[in-house]
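# Observations on the three-dimensional arrangement
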Amino acid sequence: MRAIQNKSAKSDDPTEVVDISDENARQSSGQKVYALLREQILNLDLPPNTELDEVQFSRELGYSRTPIREALIRLASDSLVVLAPNRGARVAPLDLDQVPQVLEALELYERATTRWAALRRQPLHLDLLEQRNREFAVASETRDPRQIVEANWAFHDAINQACGNKFLAADCSKMLRGVMRLSLLAFRQNGAALLSYSDVIDQHNQMIDAIRRGDAAEAERLVYEHSDEFRERMKTFVAGASTADFSLSGRS
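Here we summarise the structure given alongside this text. All values reported here derive from a predicted model rather than from experimental measurement.

## Observations concerning the packing of helix α5 (residues 123-142) against helix α6 (residues 145-161)
Contact geometry of α5 with α6 gives a least axis separation of 8 Å together with a crossing angle of 170°. Between α5 and α6, the angle is such that the two are roughly antiparallel. In this structure, α5 contributes His125, Leu128, Leu129, Arg132, Asn133, Glu135, Phe136, Ala139, Ser140 and Thr142 to the contact, and α6 contributes Gln147, Ile148, Ala151, Asn152, Ala154, Phe155, Ala158, Ile159 and Gln161. Class assignment of the residues belonging to the contact of α5 with α6 gives a composition of 10 nonpolar, 7 polar and 2 charged.

## Here we look at the side chain of histidine 204
Structurally, histidine 204 can be placed in helix α9 (residues 197-213). Given the relative accessible area of 0%, histidine 204 is considered buried. Polar side-chain contacts of histidine 204 include one of 3.3 Å to the side chain of asparagine 152. With residues up to four places along the chain from it excluded, the contact list for histidine 204 reads Asn133, Phe136, Asn152, Phe155, His156 and His226.

## Regarding the packing of helix α2 (residues 54-61) against helix α3 (residues 65-77)
The interhelical angle for the contact between α2 and α3, taken along N-to-C directions, is 120°, at an axis separation of 9 Å. Taken as axis vectors, α2 and α3 run oblique relative to one another. Like other packed secondary-structure pairs, α2 and α3 cross with a definite hand, here right-handed. Between α2, through Glu54, Val55, Phe57 and Ser58, and α3, the contact on the second element is made entirely by Arg65, Ile68, Arg69 and Leu72. Of the residues belonging to the contact of α2 with α3, the class tally is 4 nonpolar, 1 polar and 3 charged.

Procedures and definitions
- Residues numbered from 1 in each chain as written.
- Predicted model: local features only at pLDDT ≥ 70, side-chain atom pairs only at ≥ 80, totals over all residues.
- Heavy atoms only, no water.
- Axes fitted to C-alpha atoms, helices over the stretch in contact; angles between N-to-C directions.
- Helix = DSSP H or I, 4+ residues; strand = E, 2+ residues; numbered from the N terminus.
- Parallel < 35°, antiparallel > 145°, perpendicular 65-115°, else oblique.
- Contact = heavy atoms within 4.5 Å.
- Nonpolar A, V, L, I, M, F, W, Y, C, P; charged D, E, K, R; others polar.
- Buried < 20%, exposed > 50% of the residue type's maximum accessible area, 1.4 Å probe, protein only.
- Polar contact = N/O pair within 3.5 Å; in protein donor to acceptor, adjacent residues only side chain to side chain.
- Left-handed = near helix turned anticlockwise from the far one by under 90°.

Have a look at this one:
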């Protein structure tokens, strides 16, 4: 394999040759491992609290431990894996008792990012929102919960990107990632047929319109109402048929 001089690479030796091909291969391997493990976690093929053994994955997947370790770090940033010092990695637990607090925090995040998106969005953000809603419409036609949940996350991530605060955007999108498994479980329990995807697409369009017009109050109201369907599915999943004791007190 021919080494290629990387002039931008940092090195104490200006004549040092960096093999970019090896670096690209390593990054590609890490991406493949990340995608594979992420899919298994979201589909619950790797259940919550499962120990993730780097040596075992290296043997089963045929990759070195370096890209596997990088993939686990990325999954931890998605809140799908927990990394503990001297204890290795494990699939993040699903703490159902924390769901009310998670939903309450997520609601505040989304109301803030959507309000600010209406005040700070750029034309490229509007284009991305339109694209993401079209992709959601395509996913909804498959009736595949996995594709639908992923496309819905991408739409709301696009709103977060438009809010003008990278820290709030990252935290909101990360929290949305963290509840994807709960959403998929609720989907499977209640049945995708319970949802009217045309209504969801229309709600997305209304949010896009409010953001385009710069109507912050209306955008915030719309995302609050839009997320009620998700909260109801979570209520049913956590509490079963009866949800009388499940509430988000203090909401307005």
